[in-house]
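Descriptive structure summary
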Amino acid sequence: MIRVHQLSKIYTDWQQGDSIALNAISFHAKRGEIYGLLGTNGAGKTTALRILATVLAPSSGNATIDGCDVVKDSALVRQKIGFVSSNTAIYDRMTAWELVTYFGRLHGLDPELLRDRMEGLFTQLEMHDFRDVLGAKMSSGMKQKTSIARALIHDPPVLIFDEATVGLDVLAGRSLLDTVCKLRDQGKCIVFSTHIMREAERLCDKVAILHRGRFLAEGNWRDLAQEHGYADLEELFFELIREDRSVDSSSSLRESVACETTVSMAASRLT
Amino acid sequence: MRWSNIRLVFWRECRDQLRDRRTLFTIAVLPLLLYPLLAISVFQVAQFRHDHPSRVWVIGAKRLPSQPTLLHGDRFSDGLVDNATRDLIALGSAPPDWTALSQEALSERVEQEIQQGHVDAVVLFPNDFSLRLEQFNQQMAERPTSQDTPLLSFSEVPEPTLFLNTTNDKSRLAAQRTKKVLQSWREQIVRAGLRSRQIPITATRPFRVAHVDLAEAGRQQLAFWSRLLPFVVMIWALTGAFYPAIDLCAGEKERGTLETLLTSPADRREIVCGKLLTVTTFSSATAVLNLSSLVLTGSLFFGQMELVEGAQPLQLGAPSIAAVVWLLIVLLPISALFSALSLGIAAFARSNKEGQYYLMPLLLVCLPLMIFPVLPACELDAGTSLIPLSGILLLLRTLIEGDYLLAARYCLPVLGVTGLGCWLAIHWAVHQFNQESVLFRESERVGLRIGLRHWWRHRQETPGVTGALCCGLLLLFMRFIAGSQASMPATWRDFVTSQMLVQVGLLAVPAVLLACLLGRRVRDGLLLRWPGYRPVIAGGFLAVCFHPLGMELTQLIHNLYPLSDAIGKQLRELESIMGPASLGTLILTMAVLPAICEELTFRGLLFSGLRRSGRPGFTILTSSLFFGAIHGVFQQSLSAFVVGILIGGLAWRTSSILPGILFHFTYNGLSVLLGMVLPLYLPKQPILQLAFDGADGALRYHPLIVASGGLVCLAIGLWFRGWRVDTQPKEQTLDHHPDTPATESLGTTPAA
């Protein structure tokens, strides 16, 4: 369903020059599967998901969704995905009903079909109570439900959740995770990014631990934990991140030592 | 593009804006309230101005002559001014001790009293005023009529002093009223003197100037509305585009909804078009509502006001229906232009607040262009019709005034310029929405020290786009400062020195230094490459072929925008000081020096930086803009801009400034020859007379030569198109990475 091959993304920063947000990542997610992208803030999760959602263009590599390339067939890809972001992205001056209708019509749904789908979704997500409430007056839970309804209105085969539980209370968070599980059971392919390991353990069939744009590990989380000798995903995550940081610091230490040696050798030749 | 998606985005955005109180206030409430409130305020002020009695103190009233009388009790005498004015002056007496005060002390006291609001103005009659006035009248009466008596022998009458504070409105008004009374009194004194000598009073005023206003009442009204309405419509069209544009771009970014919208099936062009339609609708609505409110208020209130004091009151009714129709027709392209510009600029901003900062410069740029047509003596002609915004304002004015013949003559250039502006602005707005770097701009922390250190360590081989733009602005600024300080050269030697200073000191040396500073490879940074003999020679040949066309272009520019008298005089003076120069030094100063120095700067440093954007149009046009702007005279800048485009094209194709240098040298050299040498030989050489036409004073090529030159230019241009742009790393931006295949890279190699 989702195939990502050697995907890279490089940003140029005025202060720090080029920064590699994604460094040749590859993965494959199937129908009826939840693929977890785990990582700290700034690891590259959002960049990867934005590329899959055709919002950003990759610097190199490629990604396909249901056989459609995210760069060449971006319009087709957008028909096949539903995107839920952490900030819910709800229009303040639109009601839940209006917002979902708007996106349904953008997806070209027939009015009758749209109405049926909306009734179904609003019932399924228990949204009827606030269907006429403006976005500005919704609670975080209401916003997130509206956001999910918006993403599901065209019944896409692929769903992308970018840190969707951020800012939700326990009940709303649990409700969202339940919804994601149900969607998986309906055969959707889901990419779910988070930095909360318990969510990943509960939901994901496969995970990838992303750090500084690179995959440190990828596969079934239980297999990975067993392979590295840890009981849970959180311990595995901490250990992999710690190892990666120590490798980085030792390599930079090596570089600085090499530099100093060169300088001292040059100085000795001078004297 | 799918119209259904555009319509959906448009309706959503419209509904969103209509639910926004700020937008509603700006487009609907403000115009409906603004003009009636303004009118009421004006009336209040006018009434206050007319009804408020002024308090005036007179010092030395007792010493005034008895005939003609100035004062009658606590009022001015009857017959000096009309009763209404007289009743608006309440006379009072100053404290008795003021008569003994010196002028300075009195000024201080009066100032204090005016500030405290006790009095508005004070009139001081000097102690001997009455006596000296009496002496004057006596001398006048006894003055023999047979011979001229020198005026100096007359007794001088000391001046009465009127104390006022011009920063205080009440004081100014009181002084104005008092002055009117005193002038009338003085006239009465003069008349009394004349009567005593039996001279008719008309001797002081042998004739009067009569005014006959030939303007019809309707024309007066048209002239008033034709200046006011287009300006108001344009200002409000711009203001009306601001807030929706900011909310639709920066607001969406701030709320995070833009990302979601981009993941929907709506194409980016469809999104931009939907948003653009919305902004245009609100911009037009704001202008229409303001127009309606102004017209309604104007016809109800302003029409009743006496606009010209002392003349017949100008009765202003509502503008004609035709005027309103023309305004509505022209409003659409104006709104579209402003909306596209606002949308493109607002796309940069990350928040509503930032959006307001970015859009303010747009207002500052547009305002002079909108004020220019309102200035007296500014009319629609070939030159003004080509100025963006000003042209369409003048066209509107002409249409409202009913001069359809003139409007029809310049309609096409005005609409062409406006249409081109619209198209470019819309294209730019769409381009902005396709830029990741614009849509997902992260917060920038600007640390000068760290930034400079990073920039120095990571500077690339040649300057980047930003570096080139900064260099261009810096050079322009230096040129402006030097130009404002320099004086007109008096001799040929002075001229050569100033040319050397400008070309070498302000262009070439800074260009080389900046190329060293901003890039690691100076030669590449200045495009100092050898492209082969053929393109260099072709560059020189192109200049020869283009020269006739260039001369025609210069003539056209001078016809459209004639030189001002001052500039014309300066140019003639320059020509006169060039007289004693030899041909060699002329060529060296006017052709060789600019060809090297200007090309190093504009097609070298600036071009090499700008070309890293990967966009030939942007690179060539921007470098030409700077090249044009560096030339001090506007008309010269325009032709330099066009020539700059041509040389820019050569630089783009060949990745070298050498063909450009030869082009520049040849072109300038031919101009020098044509201007200085040819007039000497033309009368003697019949062959030259076949090629040039000098009948109307200006030396011009024969039309056949111009046409042939144009055709050969075209052929050379096509030959240059065969040159393939070759590999040179493009500037690394969000949209590009060196790992990607170098499909959009620069440089040249001859086609295989």
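Residues numbered from 1 in each chain as written. Chains lettered and ligands numbered in written order. Predicted model: local features only at pLDDT ≥ 70, side-chain atom pairs only at ≥ 80, totals over all residues.

Considering the overall build of chain A
Scanning chain A from terminus to terminus reveals 9 helices and 10 strands. Relative to its full complement of 271 residues, chain A shows a buried share of 44%. Considering only contacts in chain A between residues 6 or more positions apart, those separated by 24 or more positions represent 67%. (Helix = DSSP H or I, 4+ residues; strand = E, 2+ residues; numbered from the N terminus. Buried ≥ 20, exposed ≤ 12 C-beta atoms within 10 Å, placed from the backbone. Contact = placed C-beta atoms within 7 Å.)

Topic: the overall build of chain B
Within chain B, the secondary structure is distributed over 26 helices and 10 strands. The buried share of chain B, reckoned over its 752 residues, is 34%.

Overview of the environment of T257 of chain B
Inspection of the secondary structure assignment puts T257 of chain B in helix α8 (residues 257–262). Sequence-distant contacts of T257 of chain B, defined by excluding residues within four places in its chain, comprise A89 and Y91 of chain A together with E252 of chain B.

Considerations on the sheet that holds strand β7 (residues 158–162) of chain A
All names here are of chain A. Read across the sheet, 6 strands follow the order β6-β7-β8-β3-β9-β10 without closing on themselves; strand pairing throughout is mixed. Only two strands of the sheet have a single partner each, and these edge strands are β6 (81–84) and β10 (214–219). On average, each strand axis in the sheet is tilted by 15° relative to the strand beside it, whichever way the strands run. Taken together, the 5 bridges between β7 and strand β8 (residues 189–194) define a ladder with parallel strand orientation. Bridge pairing in β8 links L159 to I190. Packing of helix α5 (residues 140–152) onto the sheet brings it into contact with β6 and β7, and relative to β6 it is tilted by some 165°. (Pairing = 2+ DSSP bridges. Axes fitted to C-alpha atoms, helices over the stretch in contact; angles between N-to-C directions.)

Some points on the sheet that holds strand β4 (residues 89–93) of chain B
The strands making up a sheet associate through hydrogen bonds between their backbones, and the pairing can be parallel or antiparallel. Residue and element names in this part refer to chain B. On the basis of which strands lie adjacent, the open sheet formed by 4 strands has the order β4-β1-β5-β6 and mixed pairing. Across the chains shown, the open sheet's two edge strands, defined by having one partner strand only, are β4 and β6 (161–163). If you compare each strand with its neighbour and ignore which way they point, the axes differ by 25° on average. Bridging between strand β5 (residues 121–124) and β6 involves 3 bridges; their strand directions are antiparallel.

Side note on helix α10 (residues 321–346) of chain B
Look at α10 of chain B: 36 Å from first C-alpha to last across 26 residues, which is about the 38 Å you get at 1.5 Å a residue. At L331 of chain B, α10 of chain B shows its maximal bend, which comes to roughly 35°, and the proline P333 of chain B appears one to four places after that position. (Expected span 1.5 Å × (residues − 1). Bend = angle between axes of the 7 residues up to and from the residue.)

Thoughts on the confidence of the model for chain B
All names here are of chain B. Taken over all residues, the pLDDT of chain B has a mean of 81, while the share at 70 or more is 88%. When pLDDT is averaged over each helix and strand of chain B, the minimum, 36, is found for strand β10 (residues 748–749) and the maximum, 91, for helix α1 (residues 3–18). Interface confidence for the predicted complex, given as ipTM, is 0.84, next to a pTM of 0.68. (pLDDT = per-residue confidence, 0-100.)

Topic: the environment of F122 of chain A
All names here are of chain A. Topologically, F122 is positioned in helix α4 (residues 111–124). Looking at F122, the number of C-beta atoms within 10 Å reads 20, which means it is buried. Between the C-alpha atom of F122 and that of A96, which follows or precedes it by 26 residues, the distance is 9.4 Å. Apart from residues lying up to four places away in sequence, F122 is in contact with M127, H128, R131 and A149.

Some remarks on the packing of helix α17 (residues 492–518) of chain B against helix α21 (residues 583–610) of chain B
Residue and element names in this part refer to chain B. Between α17 and α21, the shortest axis-to-axis distance is 9 Å and the interhelical angle comes to 25°. By the criterion of interaxial angle, the relationship of α17 to α21 is roughly parallel. Seen from above, α17 lies across α21 with left-handed handedness. Contact residues: α17 offers V496, Q499, Q503, V504, L507, A508, A511, V512, L514 and A515, while α21 offers T589, L593, P594, I596, C597, E598, L600, T601, G604 and L605. Grouping the amino acids of the contact of α17 with α21 by side-chain chemistry returns 14 nonpolar, 5 polar and 1 charged. (Parallel < 35°, antiparallel > 145°, perpendicular 65-115°, else oblique. Left-handed = near helix turned anticlockwise from the far one by under 90°. Nonpolar A, V, L, I, M, F, W, Y, C, P; charged D, E, K, R; others polar.)

Things to note about unusual backbone geometry
All names here are of chain A. Even without being a glycine, A24 presents a positive backbone phi close to 50°. With respect to the element layout, A24 can be found in strand β2 (residues 17–29). Unlike most non-glycine residues, E163 shows phi in positive territory, near 45°. Of note, E163 is situated in the loop between β7 and α6 (170–185). What makes E163 buried here is the crowd of 21 C-beta atoms within 10 Å.

So, the packing of helix α23 (residues 634–654) of chain B against helix α24 (residues 658–681) of chain B
All names here are of chain B. Across the interface, α23 lies against α24 with an axial gap of 9 Å and an inter-helix angle of 155°. Relative to α24, α23 is oriented roughly antiparallel. α24 is crossed by α23, and the crossing has right-handed handedness. Across the interface between the two elements, V643, I647, L650, A651 and T654 from α23 touch P659, G660, F663, H664 and Y667 from α24.

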